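Here is how the chains run, residue by residue.
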Amino acid sequence: MSDPVLALDLGGTKIRAALVTGAGIDGGTRVSSTPRVERVATVATPAAEGAAAILDAALELAEQVRGGAVIRAVGISSAGVIDTARGAVTHATDALIGWAGTAIAPVVLERFAVPVSVLNDVHAHGLGEARFGVGHGRASLLLVAVGTGIGGCQVLDGSPVLGSRGAAGHIGHLAAPGAEGVPCPCGRTGHLEGLASGPGIVRLARRLGADPALADGHALARAARDGDRTACEAYRIAGVATGRTVGGLLNVLDAEVVALTGGVSEAESLWRDAVSEGIAHDAMDVVADTPVLAARAGNHAALLGAAARAEDALRAS
């Protein structure tokens, strides 16, 4: 067994780290065995304290997880748009104060003196799901992550499509029916994320006249499960809009499988049925029967994707 990769996942609310073995490609084919994920640890992200504090917290957690182990590389999944060549954040939201412009890889390289790879967190999640989840053994996958925000990743032949600027996959910032005039976190209006993300559905329910006590996604989901008509209608509208976006993407990308993930994707069948309705509305007949499945790579998907990216970079060097 080769030395492990130290994997880090830098998110808006928490930082996770683990030692991962066996996440790379062997001999040009996808790894068939399940990789080993060990010493998983988590710490809250000091998101309001700036980039230096975030990196310090990540390095401290990484040192704790490494212990005395010899590592062959560090693979990092990070929020924000990532310049993978430099291992730097080019754009980020205010969820992480001062994160835009942060050069992650040089700091980590200085600490650990091994090769460092940095990937956007949704791209890492998509890669992990393609290798070790519903995409295993398939040539292409479209990951759709619906939670606090809405993101996505297309994976072709085991590699995430990053785009020329690292910004590919921003599904939440496509125009969506029903979102006209609805503010989006990006500062524009009319985008899917403003309508159909977790916070977007809560705001939608308020516009529909929901009880003000339903102040967060958990409370709204419980109300929908209990049959609250307004909560159910909010999930239906959001689900249809999400499905129509996925259907349009299938028309463009013709992915072999779609994986749904994120907190909203774990909602009851009402939302899922609405997504199916939306896909059927927009997807052409030739792609209408594309499997749309719940992601199954689990909580470690982004760590697995970050480790896989690092392993692949080693193999290519």
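Above this text sits the structure in question.
Being a predicted model, the structure only gives us computed values, none of them experimental.

> Please set out the sheet that holds strand 7 (residues 116-120) residue by residue, giving values where relevant.
Strand pairing in a sheet is mediated by backbone hydrogen bonds. Such pairs are either parallel or antiparallel. With mixed pairing, 5 strands are arranged side by side in an open sheet as 3-2-1-4-7. Only two strands of the sheet have a single neighbouring strand rather than two, namely strand 3 (36-44) and strand 7. For this sheet, the mean angle separating the axes of adjacent strands, direction not counted, is 15°. Bridge analysis of strand 1 (residues 5-10) against strand 4 (residues 73-78) gives 6 bridges, and the strand direction is parallel. Its bridge partner lying in strand 4, Leu 10 is registered against Ser 78. Here helix 1 (residues 51-66) sits on the sheet in contact with strand 1, strand 2 (14-21) and strand 3, set at roughly 35° to strand 2. Helix 3 (residues 121-132) rests against strand 1, strand 4 and strand 7 of the sheet, and its axis sits at about 100° to strand 7.

> Go over the sheet that holds strand 9 (residues 150-156), please, and point to the residues and values.
Across the sheet, which stays open at both edges, the 5 strands sit in the order 10-9-8-11-12 with mixed pairing between neighbours. Across the chains shown, the open sheet's two edge strands, defined by having one partner strand only, are strand 10 (159-160) and strand 12 (292-294). The pairing of strand 8 (residues 140-146) with strand 11 (residues 258-261) spans 4 bridges and is classified as parallel. Along strand 11, the bridge assignment pairs Val 144 with Leu 260. Contacting strand 8, strand 9 and strand 11, helix 7 (residues 229-253) crosses the sheet at an angle of about 160° to strand 8.

> Can you tell me about the nonpolar core, naming the residues and giving the values?
Of all hydrophobic cores here, the largest spans 40 residues; its most connected members are Val 144, Leu 220 and Val 258. Elements with a minimum of two residues in this core: strand 8, helix 4 (192-196), helix 5 (198-207), helix 6 (217-225), helix 7, strand 11 and helix 8 (269-282). Every residue in contact with Val 144, bar those within four places of it in the chain, is listed here: Gly 151, Ile 171, Val 246, Val 258, Ala 259, Leu 260 and Thr 261. If you look at the next biggest cluster of nonpolar residues, it comprises 32 residues, including Leu 10, Ile 15, Ala 62 and Ala 79.

> How would you sum up unusual backbone geometry? Please name residues and give values.
At Arg 39, a residue that is not glycine, the phi angle is positive and equals roughly 55°. With respect to the helices and strands, the residue Arg 39 is situated in strand 3. Relative accessible area serves as the criterion here: at 46%, Arg 39 is assigned to the partly exposed category. Phi is positive for Asp 254, close to 50°, though the residue is something other than glycine. With respect to the element layout, Asp 254 can be found in the loop between helix 7 and strand 11.

> Can you explain the pairing of strand 8? Please cite residues and give values.
Across the 7 residues of strand 8, 7 count as buried, placing the element largely inside the fold. On strand 8, burial covers both faces: Ser 140, Leu 142, Val 144 and Val 146 on one face and Leu 141, Leu 143 and Ala 145 on the other are all buried. Across 7 bridges, the pairing between strand 8 and strand 9 is antiparallel. When the bridges of strand 9 are listed, Val 146 appears paired with Ile 150. What sits between strand 8 and strand 9 in their antiparallel hairpin is a turn of 3 residues.

> Please provide a residue-by-residue account of the packing of helix 1 against helix 2 (residues 104-112), values included.
Their axes nearest at 11 Å, the elements helix 1 and helix 2 cross at an angle of 35°. Both helix 1 and helix 2 take part in a crossing whose hand is right-handed. Residue-level contacts link Leu 55, Leu 59, Ala 62, Glu 63 and Arg 66 of helix 1 to Ile 104, Val 107, Val 108, Arg 111 and Phe 112 of helix 2. In terms of residue class, the contact of helix 1 with helix 2 is built from 7 nonpolar, no polar and 3 charged.

The rules we used
- Residues numbered from 1 in each chain as written.
- Predicted model: local features only at pLDDT ≥ 70, side-chain atom pairs only at ≥ 80, totals over all residues.
- Heavy atoms only, no water.
- Pairing = 2+ DSSP bridges.
- Helix = DSSP H or I, 4+ residues; strand = E, 2+ residues; numbered from the N terminus.
- Axes fitted to C-alpha atoms, helices over the stretch in contact; angles between N-to-C directions.
- Contact = heavy atoms within 4.5 Å.
- Core = buried A, V, L, I, M, F, W, Y, C linked by side-chain atoms within 4.5 Å.
- Buried < 20%, exposed > 50% of the residue type's maximum accessible area, 1.4 Å probe, protein only.
- Left-handed = near helix turned anticlockwise from the far one by under 90°.
- Nonpolar A, V, L, I, M, F, W, Y, C, P; charged D, E, K, R; others polar.

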